Amino acid sequence: MTATLFRFALSVFASLMSLSAGAGVVDFLPKEIRDAEKPSIEAARKLQSEHPEAFHSYSVNGRTIHYVALKQDGPPRPLVIFVHGSPGLWRSWIHYLNDPELQSRAHLISLDRPGFGESGSGKIERGFLRQAQAIEPLLAHAQAGQRVILVGHAWAGALIARMAMTYPDKVTDLVLMAAPLDPRLQTESWFQYLADWPPFTWLLPGELLVFNREYLGLEKELTDMLPAWPRMTQRVSLLLGEADEEVPISTADFAQNMLTQARSVNIVRIPNMNHFIPWTRFDLVKTEILAHLARPPEP
């Protein structure tokens, strides 16, 4: 992980924590995030005000998981679960949740991952397996015979791949964005280890500490996943920015070589794109989700 991503995480955390109180920390974010963050917060407030029935929680492994599930009317639809990266909140996906076409085509859910927001802010849930177990109850929202599409960005892209490996009969499709998948490409920086020692751990905001520890453990998590990649049978889309300084474009080669049994693999290389695909390429991400929704249910 580079210093750029660490600084971005600090900025995102400060924005998430202070903008709700009207502060202007958003000015420190990258422009593409800065342009999206303020309307995202307002849209999230509006959703919570107009549809309080959409906000839920459940308990698993001794902790509470907070999520938003839009009411589903009419016939059963495929389930789409949005999983934010590190750091983040359920509202990272608010523009997708509010999109009328996606609402009409799928049952949409977004959550605060363990360690963030109302799912135990600052309390880390170490390891992909425990994170997957914490999110697994949401898979029960799927109707029989319907697709279950997991959408994840960055760290959460790797996490939802782990979920597909752990629950192969419950997950049918993956949409991964800027996802670190190849353990050989993971490096830790000295400042990450420094940030994980007192007194720095006492000074860092809790969610930033969770972020740092998640990335410190990423190489091991990805290494543990290596034997399971060739057994995956889901339909997989992988969106990568060719200008992403955090996740090299060579991740595409890793995915192509490892997903030998997947029903389909669609790798989208985005020219001049950095790490922040969900915020800046809504059109492309939505198109990819719709492509998965258009496929018939699995036999």
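Not measured: the values here are computed from a predicted model.

Caption draft 1: Spatial organisation of the packing of helix α5 (residues 128-135) against helix α6 (residues 155-166). It is at 9 Å that the axes of α5 and α6 come closest, and there the two elements cross at 75°. The pairing of α5 with α6 is recorded here as roughly perpendicular in orientation. Seen from α5, the contacting residues are F128, L129, Q131, A132 and I135; seen from α6, they are W155, A158, L159, R162, M163 and T166. Residues that form the contact of α5 with α6 fall into these classes: eight nonpolar, two polar and one charged.

Caption draft 2: Local environment of α5. Buried within α5 are the following residues: F128, Q131, A132, A134 and I135. Buried residues of α5, seen end-on, are gathered within an arc of 160° and therefore sit on one face of the element.

Caption draft 3: Representation of the pairing of strand β1 (residues 55-60) in the model. Examined bridge by bridge, β1 and strand β2 (residues 63-69) share six bridges and lie antiparallel to one another. Residue Y58 lies in a different strand from β2, and its bridge partner there is I65. The hairpin formed by β1 and β2 contains two residues between the paired strands, and N61 there has a positive phi angle of roughly 50°.

Caption draft 4: The arrangement of unusual backbone geometry in detail. The amide bond that connects S86 to the next residue, P87, takes the cis arrangement and shows omega of -5°. At A154, a position not held by glycine, the phi torsion is positive, near 55°. One can find A154 in the loop between β5 (148-153) and α6. When its relative accessible area of 4% is taken as the criterion, A154 is described as buried. Notably, N272 is not glycine yet its phi reads approximately 60°, a positive angle. Along the chain, N272 turns up in the loop between β8 (264-270) and α12 (277-280).

Caption draft 5: View of the packing of α6 against helix α10 (residues 218-225). Between α6 and α10, whose axes approach to 11 Å, the crossing angle comes to 30°. Classified by the angle their axes make, α6 and α10 are roughly parallel. The crossing of α6 and α10 is left-handed. Judged by residue contacts, W155, A158, A161, R162 and M165 of α6 engage L218, L222 and M225 from α10. A per-class count over the contact of α6 with α10 returns seven nonpolar, no polar and one charged.

Caption draft 6: Layout of the environment of V265. Structurally, the position occupied by V265 is in strand β8. For V265, a relative accessible area of 27% translates into the label partly exposed. Once residues lying within four places of it in the same chain are set aside, the contact partners of V265 are V236, Q256 and L259.

Caption draft 7: Quick look at the sheet that holds strand β3 (residues 79-83). With mixed pairing, eight strands are arranged side by side in an open sheet as β1-β2-β4-β3-β5-β6-β7-β8. Of all strands in the sheet, those bounded by a partner on one side alone are β1 and β8. With strand direction ignored, the average angle separating the axes of adjacent strands in the sheet is 20°. Examined bridge by bridge, β2 and strand β4 (residues 107-111) share three bridges and lie antiparallel to one another. Paired with Y67 across the two strands is L111, which belongs to β4. Strands β1, β2, β3 and β4 of the sheet are contacted by α5, whose axis makes an angle of about 125° with β1. Across the face of the sheet, helix α13 (residues 282-294) comes into contact with β3, β5, β6 (173-177), β7 (235-241) and β8 while running at roughly 170° to β7.

Caption draft 8: Fine view of the confidence of the model for the protein chain. This prediction gives the protein chain a mean pLDDT of 84; 78% of its residues lie at or above 70. Scored below 50 in pLDDT, residues 10-28 shows 33 contacts in the model against residues more than four places distant or in partner chains.

Caption draft 9: A look at the pairing of β7. Most of β7 is tucked away: seven of the seven residues are buried. Here β7 shows a buried face lined by R235, S237, L239 and G241 and a second buried face lined by V236, L238 and L240. In this structure, β6 lies alongside β7, joined through five bridges in parallel fashion. In the strand pairing of β7, L176 is matched with L238.

Caption draft 10: Here's a closer look at the packing of aromatic side chains. Taken as a whole and judged by the stated rule, the model has nine aromatic pairs. Taking 4.8 Å as the distance between ring centres and 70° as the angle between the ring planes, the aromatic pair formed by F128 and W155 counts as edge-to-face. In this pair, F128 sits in helix α5 while W155 sits in helix α6, placing the two residues 27 residues apart along the sequence. As far as the burial class goes, F128 and W155 line up, both buried.

What counts and how
- Each chain carries its own residue numbering, running from 1 in the direction its sequence is written.
- Where local features are concerned, this predicted model is filtered to residues with pLDDT of at least 70; where side-chain atom pairs are given and counted, the filter is 80 or more; whole-chain, interface and lining totals use all residues.
- Calculated side-chain values reflect all of the structure's heavy atoms, with hydrogen atoms and water omitted.
- In this analysis, axes come from line fits to C-alpha atoms, helices being fitted only over the stretch in contact, and the angle between any two N-to-C directions falls in the range 0 to 180 degrees.
- Helix numbering and strand numbering both begin at the N terminus, where a helix is a DSSP run of H or I of at least 4 residues and a strand a DSSP run of E of at least 2.
- Put simply, angles under 35 degrees are roughly parallel, angles over 145 are roughly antiparallel, angles from 65 to 115 are roughly perpendicular, and the rest are oblique.
- Here a residue-residue contact requires only that any non-hydrogen atoms of the pair lie within 4.5 Å.
- Following the grouping adopted for this structure description, the nonpolar residues are Ala, Val, Leu, Ile, Met, Phe, Trp, Tyr, Cys and Pro, the charged ones are Asp, Glu, Lys and Arg, and the polar ones are all others, Gly among them.
- Think of it in three bands: with a 1.4 Å probe and only protein chains considered, a residue is buried below 20% of the maximum accessible area for its type, exposed above 50%, and partly exposed in between.
- Arc definition: it is the arc formed by the directions from the helix axis to the C-beta atoms.
- Strands were regarded as paired on the criterion that DSSP finds at least two bridges between them.
- Left-handed is the label given to a crossing in which the near helix is rotated counterclockwise from the far helix by less than a right angle, and right-handed is the label when the rotation is clockwise.
- You can read pLDDT as the predictor saying how much it trusts each residue, on a scale of 0 to 100.
- Geometry of aromatic contacts follows a simple scheme: Phe, Tyr and Trp rings, the Trp one being its six-membered ring, pair when their centres are within 6.5 Å, and the pair is stacked under 30 degrees between planes, edge-to-face over 60, tilted otherwise.

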